[in-house]
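These are the residues of each chain, in order.
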Amino acid sequence: MAGFSAVLSISRLSPLITPLRFKRYTGLGFKCQAGSSPQMDSDSTQKGSLSQVDSDSTQKKGSLSGFSSYTISAALAGLGSLETGYLSYLKLTNSNVFCPIGSGTCGDVLDSDYSFVFGIPLPLVGLVAYSAVTLLSLQQLGIFSIPGVNKTNSRLLLIGTTTSMATASAYFLYLLSTKFEGTSCSYCLISAFISFTLFFLLLKDYGLEKIGKLLGLQLAVAGMVIAALTNTYSSITPQSRSAEEFTLERYETEITKESTPFAIALAKHLHSIGAKMYGAFWCSHCNEQKEMFGKEAVKILNYVECFPDGAGKGRTMAVDCAVVGIEGFPTWIIKDQVLSGEQDLNTLANASGFVYQDNNPS
């Protein structure tokens, strides 16, 4: 009876004994390890879930100095908005753009037939695209909310928009190398760099597995962009604007404005301290800068013509301009300060330390 009771007791304890298992550790013999109870499994699962959440949060923070991908994309798109906003203003007001030096000028590209898409200025289209990426990125960060668009949809819109921008940038780089051979366009290259960076940044953030499911959609977007641009530009007659194919003889632009006493005094001061204005005869901003001074004062300035023998085939920049690394016109060098672009007279006065003394007070 006692033996039967013992057996019965052991059989009742068997469910508790069964989970016990032994695990061999190499070189350490055996170690007894208790099996996990349902409660312990549940706790482990919860801890695993929390770890996964923490891992996901870490991934979303990104690896660039602790900034999230959406923070970086918002900043880059904001920079792109500033650039295209500037170019849109110039385009709509028919103003000339300040261009770095190359074999040609960026104005050749920005003023060409390729600077319009379906009759809309290309910089304006870029401004809309960059602004959209900025707002969608801010929505992902919880800073801004677009009515009727949740975060899931905004991520899809970001992928679609950046895909179209990267595709368009690749297409325009192709046009730049084939239709404008020998012509540089720094604004075009900056915009292309921003577009490609946004595309790959958000592509990486989305994850390869999810991107694989959207590959068809991305290819469709890219195909539509290429088809639209090809249709727009198919009727344009190619015209080479390479500087190697023409020669522009030097000419003088007449300055008609009368100089003010302030302009004359400033010109004398700039001349006395050795300040120099570097320009080109074909540069409209240089002529506008001279017009600010007026016809009397401009004769006093230390003006350096960077293309004294003309521009184009067989003509090179003057050595005086090349040795100081002039990158655009006009450029002022005042007391080792470099001022690029057209400057108002007050700016030049401040940079040179000029204080005007009116000897003929009214």
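As annotated in an unreviewed UniProt entry, the protein is Thiol-disulfide oxidoreductase LTO1 from Rhynchospora pubera. In UniProt, the protein has this text filed under Sequence similarities (unreviewed entry): "Belongs to the VKOR family." UniProt, in the comment section headed Subcellular location (unreviewed entry), describes the protein in these words: "Membrane".

Asker: Hey, could you go over the nonpolar core for me, with residue numbers and the actual values?
Answerer: Note that soluble globular proteins tend to have their nonpolar side chains buried in a common cluster. Of all hydrophobic cores here, the largest spans 31 residues; its most connected members are Leu266, Leu270, Phe293, Phe329, Trp332, Ile334 and Leu348. Those residues within four positions of Trp332 in sequence are excluded, and the remaining contacts are Leu270, Lys276, Met277, Gln289, Phe293, Leu301, Gln337, Val338, Leu339, Gly341, Gln343 and Leu348.

Asker: Any details on helix H6 (residues 151-178)? Residues and values, ideally.
Answerer: Note that an α-helix has 3.6 residues per turn; residues three or four places apart therefore point the same way. Across its 28 residues, H6 extends 40 Å between first and last C-alpha, which sits within 8% of the 40 Å expected from 1.5 Å per residue. Its side-chain oxygen placed 3.2 Å from the backbone nitrogen of Thr152, Asn150 serves as the N-cap of H6.

Asker: Residue-level account of the pattern of salt bridges, with values.
Answerer: Counted by the stated rule, this structure contains 2 salt bridges. Where Lys295 meets Glu258, a salt bridge forms, and the shortest distance between an N and an O atom there is 3.2 Å. Taken together, the residues span a long stretch of sequence, with Lys295 in the loop between helix H10 (284-293) and strand S7 (303-305) and Glu258 in the loop between strand S5 (247-248) and helix H9 (261-272) at a distance of 37 residues. A residue is classified by how much of its surface remains accessible, and Lys295, at 30% relative accessible area, is partly exposed. Overall, the relative accessible area of 48% leaves Glu258 in the partly exposed class.

Asker: Describe the sheet that holds strand S9 (residues 331-334), listing the residues and the values that go with them.
Answerer: A sheet is described by the order of its strands in space; here 4 strands give the open sequence S7-S6-S9-S10, paired in mixed fashion. Because the sheet does not close on itself, it has two edges, and the strands there are S7 and strand S10 (337-340). Neighbour to neighbour, the strand axes of the sheet diverge by 20 degrees on average, direction disregarded. Judged from the 3 bridges that link them, strand S6 (residues 276-279) and S9 form a sheet pairing that is antiparallel. Following the sheet pairing, Lys276 is matched in S9 by Ile333. Each of S6, S7 and S9 is contacted by H10, which is oriented at about 145 degrees to S6, the strand it contacts most. Sitting on the sheet, helix H12 (residues 345-352) is in contact with S9 and S10, with an inclination near 25 degrees to S9.

Asker: Lay out the UniProt feature "transmembrane region" (unreviewed entry) in the protein with the relevant residues and their values.
Answerer: UniProt records the feature "transmembrane region" (unreviewed entry) at residues 114-136, 156-174, 180-202 and 214-233, using the numbering of this structure. Segment residues 114-136 splits into 65% helix and 17% strand. End C-alpha atoms: 29 Å apart. Measuring from the first to the last C-alpha atom of residues 156-174 gives 27 Å, for a span that is 100% helix and 0% strand.

The rules behind each value
- Residues numbered from 1 in each chain as written.
- Predicted model: local features only at pLDDT ≥ 70, side-chain atom pairs only at ≥ 80, totals over all residues.
- Heavy atoms only, no water.
- UniProt positions renumbered as here; feature names shortened; annotations may be inferred.
- Core = buried A, V, L, I, M, F, W, Y, C linked by side-chain atoms within 4.5 Å.
- Buried < 20%, exposed > 50% of the residue type's maximum accessible area, 1.4 Å probe, protein only.
- Contact = heavy atoms within 4.5 Å.
- Helix = DSSP H or I, 4+ residues; strand = E, 2+ residues; numbered from the N terminus.
- Expected span 1.5 Å × (residues − 1).
- Polar contact = N/O pair within 3.5 Å; in protein donor to acceptor, adjacent residues only side chain to side chain.
- Salt bridge = Lys/Arg side-chain N within 4 Å of Asp/Glu carboxyl O.
- Pairing = 2+ DSSP bridges.
- Axes fitted to C-alpha atoms, helices over the stretch in contact; angles between N-to-C directions.

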